[in-house]
Amino acid sequence: MSMKRYLKALVEDEKIAFARITIPESVFQGHTVDEWFPLSGKLGEEKEGTINLIIAYTTMPMLTMPYQRIHYPYLGAAPQHFSTPPPVTEADVNSIQDMFPNVDKEVIKTVLESKHGNVESTVSALLQMTEPENRQ
């Protein structure tokens, strides 16, 4: 087992000590170990103080779930076909960008994709988004 102790700081954590501990075999046989272990760090090997660890090991019974059959609804004999939306073209994005120069190009592209390439719906949505009463 490897253990590291960190000092909590406002900006980032700094490692202040560490220890490498071999778990005694008696722990795996049901015994509990309560020992102090030396810590190493900037001051040197085993010179950063000590830490008290209580180590115990318990086996848990394996929980098995009974077999469950999943029923899917019948969708019909014929496969369903979905039409793919038309691709969003750079020309459409640029023409909308000309109408909304203060809106980021990626925002325009995202709205255009959500409207399945429909330029009119995209312009309407952007108008609603940029109305002065909607600004905070």
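Residues numbered from 1 in each chain as written. Predicted model: local features only at pLDDT ≥ 70, side-chain atom pairs only at ≥ 80, totals over all residues. Heavy atoms only, no water.

Trainee: So what about the pattern of salt bridges? Which residues, and what values?
Mentor: If you walk through the whole model with that rule in mind, you get one salt bridge. Lys 105 serves as the salt-bridge partner of Glu 90, at 3.0 Å between the closest nitrogen and oxygen. Remark: Lys 105 occurs in helix H2 (residues 105–114) and Glu 90 occurs in helix H1 (residues 90–99); sequence separation between them is 15 residues. With relative accessibility at 48%, the residue Glu 90 sits in the partly exposed group. A residue is classified by how much of its surface remains accessible, and Lys 105, at 36% relative accessible area, is partly exposed. (Salt bridge = Lys/Arg side-chain N within 4 Å of Asp/Glu carboxyl O. Helix = DSSP H or I, 4+ residues; strand = E, 2+ residues; numbered from the N terminus. Buried < 20%, exposed > 50% of the residue type's maximum accessible area, 1.4 Å probe, protein only.)

Trainee: I'd like a rundown of the nonpolar core, residues and numbers included.
Mentor: Judged by nonpolar contacts, Val 93, Ile 96, Phe 100, Val 103, Ile 108, Val 111, Leu 112, Val 123, Ala 125 and Leu 126 together constitute the single largest core of ten residues. Residue assignment for this core shows that the elements contributing at least two residues are H1, H2 and helix H3 (119–130). Other than its neighbours up to four places away in sequence, Leu 112 contacts Val 88, Asp 92, Val 93, Ile 96, Gly 117, Asn 118, Val 119 and Thr 122. If you look at the next biggest cluster of nonpolar residues, it comprises nine residues, including Ala 17, Val 27, Phe 37 and Leu 53. (Core = buried A, V, L, I, M, F, W, Y, C linked by side-chain atoms within 4.5 Å. Contact = heavy atoms within 4.5 Å.)

Trainee: Lay out the packing of aromatic side chains in plain terms, naming residues and giving numbers.
Mentor: Going through the model one piece at a time under the given rule, you end up with one aromatic pair. When the centroid spacing of 5.1 Å and the interplanar angle of 70 degrees are considered together, the rings of Phe 28 and Tyr 57 count as edge-to-face. Highlighted residues: Phe 28 in the loop between strand E2 (14–20) and strand E3 (33–38) and Tyr 57 in the loop between strand E4 (50–55) and H1, separated in sequence by 29 residues. (Phe/Tyr/Trp six-rings, centres within 6.5 Å; stacked < 30°, edge-to-face > 60°.)

Trainee: Tell me about H2, and please be specific about residues and values.
Mentor: Within H2 the residues assigned to the buried category are Ile 108, Val 111 and Leu 112. The arc enclosing the buried residues of H2, seen along the axis, measures out at 100 degrees, which places them on a common side. Buried residues along H2 sit in contact with H1 and H3. Note on H2: the residue one or two positions beyond its end, His 116, has a positive phi of about 55 degrees. (Arc of directions from axis to C-beta.)

Trainee: Could you give an account of unusual backbone geometry, naming the residues involved and the relevant values?
Mentor: Unlike most non-glycine residues, Glu 46 shows phi in positive territory, near 60 degrees. Tracing the chain through its elements places Glu 46 in the loop between E3 and E4. The backbone of His 116 sits at a positive phi, close to 55 degrees, despite the residue not being glycine. Mapped onto the elements of the fold, His 116 is located in the loop between H2 and H3.

Trainee: Outline the environment of Thr 122, supporting the account with residue identities and numerical values.
Mentor: With respect to the helices and strands, the residue Thr 122 is situated in helix H3. On the basis of relative accessible area, Thr 122 is assigned to the buried category, the value being 0%. For the pair Thr 122 and Ile 108, spaced 14 residues apart in the sequence, the C-alpha separation amounts to 7.8 Å. If near-sequence neighbours (up to four positions away) are discounted, Thr 122 is found in contact with Ile 96, Ile 108, Val 111, Leu 112 and Lys 115.

So far we have only geometry, and geometry alone does not tell us how the molecule works.
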